[in-house]
Amino acid sequence: MKAKDIMNCFFDECLLSDSIDTVRKQMLEKQSDYILVVDKHGKYKGMVYSHSILRLNNASHSCADVYEETPPITEDVHLKAVQMMHKSVIPVVNKDDFPVGVIGLEEIFGLWQSEQKENNYQKKMPSNKSAKYTIDDIVGNTPAIMGLKERIISAAKVKSTVLIMGETGVGKELVAQAIANLSARRFKPFVRINCAAIPESLLESELFGYEAGAYTGAQKGGNLGKFEIADGGTILLDEIGDMQLIMQAKILRVLQEREIEKIGGRFPIPVDVRIIAATHADLERMMNEHTFREDLYYRLNVIPIHIPPLREHVEDLEDLFLNFMDKCALEMEIPTPKVEPGVFEMLSHYHWPGNIRELKNLVEMLAASSNGRITKGMLSAYFTDKMDLSDSNENYLKLSAFESERELILKHLKIHDNNKNKVADVLGISRSTLYNKLKRYHIR
């Protein structure tokens, strides 16, 4: 295990030139007994500890007068190398000497454990149970997405319950994993359960587990529930709006008492789990209809995060498209297809009811059927099937796609002397598909 696997990425820093009074106020505000010191370029210089400044009354002093040149460690240093260090806080820097984290007293106690303890910890918390995605996997630079990232960072700093809201396909689980991966629980389990996908009769045993002999057919020795598996880490209750009222009451008890009761169990079991709930449903409307508990809603809605639909940050579409295309090409072991001019403009006029998930699926389909490039003609059939003629804007897009495709086919028929095999190959479609299009567009 390396330093980066256990460090806390949230810390405070000040400049060498900052006054003692400024640093004292910063420490009091953050309730911290130390602060990292950096130079004007942001590179690590040392630490200022509270005991060094509490004795000073002269406001003319600066950090340069009292900071201690506490040696840092790099993020790739193995934990064995720092077991003999006895500072209450160990600063961690990257290869360019910029501070990237700290290892505090709680983690240091963990460093003093034996090699066997470390191996046991790694076996207990396998990497495949931790959150997979990080905030860097959220693609986009529009104000909507940058604001979302800021809310993710803020949520990761605290232990409070998070309620993620958004339409189907916007990436609610991605946001939940990003929060978990930035939090102090990032190396503990991340467990997801889809409340809508599990029958009501099985959901309780999935969440809370059961004791041996709890019911006919129960597994010998009982079974752990998702909350016990997630102990110390994070649990995502996905589509919580589909949870029945009886189960809502049980989740409320977990939030209030921080304990669970197994099916067939005699005693409550304490759990240390951060709950992140996600839903596409309108929970406020459901409260008014008495299908979602009001007390549970307010327990969950401590830190609300709303993910905007793709149509509200369509400026990110090109970056998302290219990101998905690179990944698809890598998985399919093909060169990344080139995108014909006009494709992104065509995509930007679509309303994307399936949001980012729909875009990802479209990209995968295009990558699989491309001949090294993505053309507007390849998109027209997809849009034609998805458009609703009752919508004037969508109808306009459909007609535009038709006209563009017709002109494209005419152009290539002229270039290739009406060689339909060649035209079909260039457009990345079959010969029969080309004949159908010729018939549809009345091209002789």
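Reading the values: rules and limits
- Residues numbered from 1 in each chain as written.
- Predicted model: local features only at pLDDT ≥ 70, side-chain atom pairs only at ≥ 80, totals over all residues.
- Heavy atoms only, no water.
- Helix = DSSP H or I, 4+ residues; strand = E, 2+ residues; numbered from the N terminus.
- Expected span 1.5 Å × (residues − 1).
- Buried < 20%, exposed > 50% of the residue type's maximum accessible area, 1.4 Å probe, protein only.
- Arc of directions from axis to C-beta.
- Contact = heavy atoms within 4.5 Å.
- 1 Å grid on protein atoms, 1.4 Å probe; cavity = no way out; pocket = protein on both sides within 12 Å on 5 of 7 lines; lining within 4 Å.
- Points joined across faces, edges and corners; volume = space filled by probe spheres on them.
- Nonpolar A, V, L, I, M, F, W, Y, C, P; charged D, E, K, R; others polar.
- pLDDT = per-residue confidence, 0-100.
- Pairing = 2+ DSSP bridges.
- Axes fitted to C-alpha atoms, helices over the stretch in contact; angles between N-to-C directions.
- Core = buried A, V, L, I, M, F, W, Y, C linked by side-chain atoms within 4.5 Å.

## Topic: helix 13 (residues 317-332)
And then number 1: If you check helix 13, its first and last C-alpha atoms are 22 Å apart, about what 16 residues at 1.5 Å a residue would give, namely 22 Å.
And then number 2: Of the residues making up helix 13, those classed as buried are Leu317, Leu320, Phe321, Phe324, Met325, Cys328 and Ala329. The arc that holds the buried residues of helix 13, viewed along the axis, is 160°, so those residues lie on one side.
And then number 3: Tucked inside the fold, the buried residues of helix 13 contact strand 16 (338-339), helix 14 (343-348), helix 15 (355-369) and strand 17 (373-374).
And then number 4: Just past helix 13, the residue Glu333 takes up positive phi, approximately 55°.

## Here's the deal with the layout of surface pockets
And then number 1: Put simply, the second largest pocket is a space of about 820 Å³.
And then number 2: Surrounding the second largest pocket, 32 residues form its lining, Gly171, Leu174, Phe324, Ile356 and Lys360 being those nearest its centre.
And then number 3: Counting residues per element, the ones that place at least two in the lining of the second largest pocket are helix 6 (143-156), helix 7 (172-182), strand 8 (190-194), helix 13 and helix 15.
And then number 4: A total of six residues in the lining of the second largest pocket trace back to one element, the largest contributor, which is helix 13.
And then number 5: Its residues placed into classes, the lining of the second largest pocket shows 14 nonpolar, seven polar and 11 charged.

## Considering the confidence of the model for the protein chain
And then number 1: Scored by pLDDT, the protein chain comes out at a mean of 82, with 84% of its residues at no less than 70.
And then number 2: This stretch, residues 113-128, has a pLDDT under 50; its non-local contacts, to residues over four places away or in other chains, come to 12 contacts.

## Considerations on the sheet that holds strand 14 (residues 274-279)
And then number 1: In space, the five strands of this open sheet follow the order 8-11-14-7-15, with parallel pairing throughout. Each edge of the sheet is formed by a strand with only one pairing partner; in this case those strands are strand 8 and strand 15 (303-306). Neighbour-to-neighbour, the strand axes of the sheet open up by a mean angle of 20°, direction not taken into account.

## A few points about the nonpolar core
And then number 1: Residues Leu207, Phe227, Leu237 and Ile251 are the most contacted members of the largest nonpolar core, which totals 31 residues.
And then number 2: At the level of elements, strand 8, helix 8 (200-208), strand 11 (234-238), helix 10 (245-257), strand 14, helix 11 (283-288) and helix 12 (294-300) are the ones that each hand at least two residues to this core.
And then number 3: In contact with Phe227, other than residues within four places in its own chain, are Leu207, Phe208, Ile235, Ile251, Val254, Ile260, Val271, Val273 and Ile275.

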